[in-house]
Amino acid sequence: MSSNEKPTTRASLGLTGLTSNAMALIAPGAFLWLTFFIQSAYGAPMAAQGMWFGIFGALVLCLATAIAYAELSKLYPGAGSSYFFAEQAFLSKTRAFKFARIAKFIVGWASHLYYWVYPGLMVGVTGLIVGYVIGQLWPDTFNAAVPSPLFMILFSAVFAFGVAYICFRGVSGTTAVNAAINVIQISALVVFSVIAIGYRLNHPQGSVGITLDPNGAPISKVIATDKDGAPVKDAKGNFVFAKTPDGQDQPFLVDYSQPLQTTTDASTKESVTKFQYHANSKSVLAPHAFSYVVIQACIAILILVGFESVTAMGEEAKNAKRDIPRAVILSLLIQGLICYLIEYFAANYFLHNGYQVSNALGSAAPVGDMMIIAGTWLFGSAAAGKAFMLVQAFTVFLALIGTTLSCMSTGARVTYAMGRDAEVPEHFGMLHGEKLTPHRTIWTLATISVFISIASIFFNFCGPAALSDEIVKALPHNFWYSFGIWSHDFAAAIPQSLVVVTLVSNFGTFLLYMMTCVVAIVAFREHHSFSGFKHVFIPVFGILANLCCMLFYLVGPFMVAGMSPKEPFVALGIVILWGIYGLIYFTRSSAKKGRPVFVTEPPKVKA
């Protein structure tokens, strides 16, 4: 290569490689761990009933958007995904061409709310998962339910730059890693799902089951409590078991007859009914209430996004027009329709009086707790149950590497496309001379991810997840818990940062998906392959569905008990500030470079 030539990307990916990259971002093995806590908490005490049906509804919404992406990638294969689609769609029109630059900038700028925030969110939740695991391994130093904020912050920095290094190495290495991770995580997912369903089927009403003691150890007996409901310990610090009338240890009996529990709110003195588990399999599949389904669908967007990521790899695909549309739909159907619906059924069906939704709310990794119980039952000992959880946790960690890697790779390519067009600083549009990757964008994104991950985990146990003062006092008194732990009253007044960051990413996703559906309508308006169903009805449905989900976050807190208004409105404020900054940057950059905002001449049609 001569010194005057700029390095370019290399076409090396077939259908399998493209699908693997998209599937890695969806990562069903990881997201069951990541979002079960959020889906249990947001809209509590009742919205968890509609979890499975809400995910199904989100899948339908995403499928409409996926069809729009697939159709656009047939017309315009190239780097940049929606950003590139927007420019080409408007340039191809006889009248709307003048809005091409505005359209592509708005879409590209808005997409950064998703592609730049999402990797940081993944880094943060990986810190939570690893913090939970080390709490299981070294319980005297760390608490599994409340991971050390200091440890998670240090881990986040190492993890973000480690993933960025894999991304920097090139797309071939990324694809190989993602393909291996997909096989491992889906296999582990199937194993857990079978065991969880098997546990429920083998523990009918009234049978002796397994629960967790306050330290997270699996037991099959009832712990004695004092008059205040606190567990009783002996002189050696061991939990004391309740006794039956004949003096024997009281066995823990499985009960599915009371899925709803009524308690009294200490602050209002009002009775509050809380959902705790499903009485039967039909209850898992039922929607229960429209508001519950919408709440769950809005959160489930986080676990389903990623199918569109492969459209940013048009320049690296061997046959982009044929394989990218297939990869978009295949990745969503394989993991959304099959993997997610199976695993979320299994996890919800597993819930019982020994491990309820309220238990999930008090854990950093509720699915890890479920694995300990299920593994203890299947393999016959508490040690084996913990070992089973650790093996599964390792596969989740691998899946998180894949999803963070895939999103970082996609985000870097979108920013690279904007830098190449001089819509953002031009150094973002440069490729590494040897690796042929947008290296400056990758390292910038890794740095941003560290700060976003710290923001997401630092105030995680706040808002609806605020810890009681008793739990705070019981945490290890050591260096690892020297800061980042708050009193209950202070924490309850602060928005939960993990939810805020999740909503910023989700709002970015909703905006991006709505804009892409609009672009699809524009792109095919004067095209010879125009179809009213595929190019009008489906995109319009996608626009309305995404808009309704976004609006529900804003009006839902005033309509549904358990939805806090703090988190969505803080997230909305961040989105608005990003939009204002984008407007200022675009106008100033255009004036400085002397570039017209509107395209003045229609593009020349190639002969």
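Each remark here, short or long, concerns the structure printed above.
For clarity, every value in this text was computed on a predicted model and none was experimentally measured.

Rules used throughout
- All residue numbers here refer to positions counted from 1 along the written sequence of the relevant chain.
- For this predicted model, a pLDDT threshold of at least 70 governs which residues receive local features, and a threshold of 80 or more governs which side-chain atom pairs are given and counted, while totals over whole chains, interfaces and linings are taken from all residues.
- To get the side-chain values, all heavy atoms of the structure are used, and hydrogens and water are removed first.
- To qualify as a helix, a DSSP run of H or I must reach at least 4 residues; to qualify as a strand, a run of E must reach at least 2; elements of each kind are numbered from the N terminus.
- Just to be clear, the radius of gyration here is over C-alpha atoms, and the globule rule we use is 2.2 Å times residues to the power 0.38.
- Relative accessible area decides the class of each residue, using a 1.4 Å probe on protein chains only: under 20% of the type maximum gives buried, over 50% gives exposed, and in between gives partly exposed.
- Any two residues whose heavy atoms approach within 4.5 Å are treated as being in contact.
- Methods summary: accessible areas were calculated by the Shrake-Rupley approach with a probe of 1.4 Å, and residue burial reflects only the protein chains presented.
- Under the counting rule used here, the positive set is Lys and Arg, the negative set is Asp and Glu, and His together with the chain ends is not counted.
- A charged residue contributes its charge at one atom only: NZ of Lys, CZ of Arg, CG of Asp or CD of Glu.
- Each salt bridge in this description consists of a side-chain nitrogen of Lys or Arg and a carboxyl oxygen of Asp or Glu lying within 4 Å of one another.
- Polar contact is defined as a pair of N or O atoms within 3.5 Å, subject to the rule that within protein one atom must be able to donate a hydrogen and the other to accept it, and that residues adjacent in sequence are counted only when both atoms are side-chain atoms.
- Only buried residues count toward a nonpolar core. Its members are Ala, Val, Leu, Ile, Met, Phe, Trp, Tyr and Cys residues joined through side-chain atoms within 4.5 Å.
- Paired rings are identified among Phe, Tyr and Trp, the last through its six-membered ring, by centres lying within 6.5 Å, and are further divided according to the angle between planes into stacked (under 30 degrees), edge-to-face (over 60) and tilted (the rest).
- Sitting over a ring, as applied to charges here, requires NZ of Lys or CZ of Arg to be within 6 Å of the ring centre and within 35 degrees of the ring normal.
- Here a patch means residues that are over 30% exposed by relative accessible area and free of salt bridges, tied together within 9 Å if like-charged and within 5 Å if nonpolar (Val, Leu, Ile, Met, Phe, Trp, Tyr).
- Counting rule for disulfides: a pair of cysteine sulfur atoms within 2.5 Å.

(A) Spotlight on the overall build of the protein chain. Assigned secondary structure in the protein chain consists of 20 helices and four strands. Since a compact globule built from 607 residues should have a radius of gyration of about 25 Å, the 25 Å found for the protein chain is in line with a globular shape. Across the 607 residues in the protein chain, those meeting the buried criterion constitute 57%. Expressed as a percentage of contacts within the protein chain between residues at least 6 apart in sequence, the contacts between residues at least 24 apart total 78%. Carbon and sulfur atoms provide 66% of the accessible area of the protein chain, an area that totals close to 24500 Å². Here the protein chain contributes 37 positive and 29 negative side-chain charges, whose respective centroids are spaced 12 Å apart.

(B) The pattern of salt bridges, seen in detail. One pass over the full model with this rule turns up 10 salt bridges. Put simply, Lys243 and Asp249 hold a salt bridge, and the shortest N to O gap is 2.6 Å. By relative accessible area, which is 27% here, Asp249 ends up partly exposed. Note that Arg595 and Glu423 form a salt bridge whose closest N and O atoms lie 3.5 Å from each other. Of this pair, Arg595 sits in the segment after α20 (566–593) while Glu423 sits in the loop between α14 (382–420) and α15 (439–458), placing them 172 residues apart in sequence. The class of Arg595 is partly exposed, set by a relative accessible area of 26%. The buried category is assigned to Glu423, whose relative accessible area is 2%.

(C) Molecular detail of the side chain of Arg413. Structurally, Arg413 is set in helix α14. Side-chain polar atoms of Arg413 contact the side chain of Ser409, separated by 2.6 Å.

(D) Structural view of unusual backbone geometry. Phi is positive for His288, close to 70 degrees, though the residue is something other than glycine. We classify His288 as partly exposed; its relative accessible area is 38%. One non-glycine residue with positive phi stands out, namely Ala422, at about 65 degrees. Within the secondary structure, Ala422 is located in the loop between α14 and α15.

(E) Representation of the nonpolar core within the structure. Counting residues in hydrophobic clusters, the biggest one holds 169 residues, and the most contacted among them are Trp33, Phe36, Tyr132 and Phe507. Top contributing element to this core by residue count: helix α18 (residues 497–524), with 17 residues. Excluding residues within four positions of it along the chain, Tyr132 makes contact with Trp33, Ala144, Pro147, Ser363, Ala364, Ala365, Gly368, Asp369, Ile372 and Met389. Judged by nonpolar contacts, the second largest core, of eight residues, contains Tyr83, Ala417, Val424 and Phe428.

(F) Quick look at the packing of aromatic side chains. Considering all chains together, one arrives at 38 aromatic pairs under this definition. Plain terms: the ring middles of Tyr69 and Tyr513 are 6.0 Å apart, the flat faces sit at 75 degrees to each other, and that makes the pair edge-to-face. Taken together, the residues Tyr69 in helix α3 (residues 51–75) and Tyr513 in helix α18 connect sequence positions 444 residues apart. Classification of Tyr69 by relative accessible area gives buried; the value is 0%. Centroid distance Trp109 to Trp578: 4.4 Å. Interplanar angle 15 degrees. Geometry classified as stacked. Placement of the pair is Trp109 in helix α5 (residues 100–115) and Trp578 in helix α20, with a sequence separation of 469 residues. With relative accessibility at 22%, the residue Trp578 sits in the partly exposed group. Aromatic ring contacts, followed pair by pair, group Phe142, Phe151, Phe155, Phe159, Phe397, Phe479 and Trp480 into a single cluster. A cation over a ring is seen here: Arg200 above Tyr256, with NZ or CZ 3.7 Å from the ring centre.

(G) Seen up close, a nonpolar patch on the surface. A surface patch of nonpolar side chains, amounting to about 320 Å² of accessible area, comprises Leu333, Leu337, Ile338 and Ile342. Within the secondary structure layout, Ile342 lies in helix α11 (residues 320–350).

(H) Focus on the side chain of His352. Position of His352 relative to the elements: it lies in the loop between α11 and α12 (357–361). Under the relative-accessibility criterion, His352 is labelled buried at 0%. At a separation of 2.8 Å, a polar atom in the side chain of His352 contacts the main-chain carbonyl oxygen of Phe350. Apart from residues lying up to four places away in sequence, His352 is in contact with Tyr199, Ile210, Phe252, Tyr256 and Tyr277.

(I) Local environment of the state of the cysteines. In the structure shown here, the tally under the stated rule is zero disulfides. With no disulfide of its own, Cys339 has Cys62 as its nearest cysteine by sulfur position, at a separation of 15 Å. On the basis of relative accessibility, which here comes to 6%, the residue Cys339 falls in the buried class.

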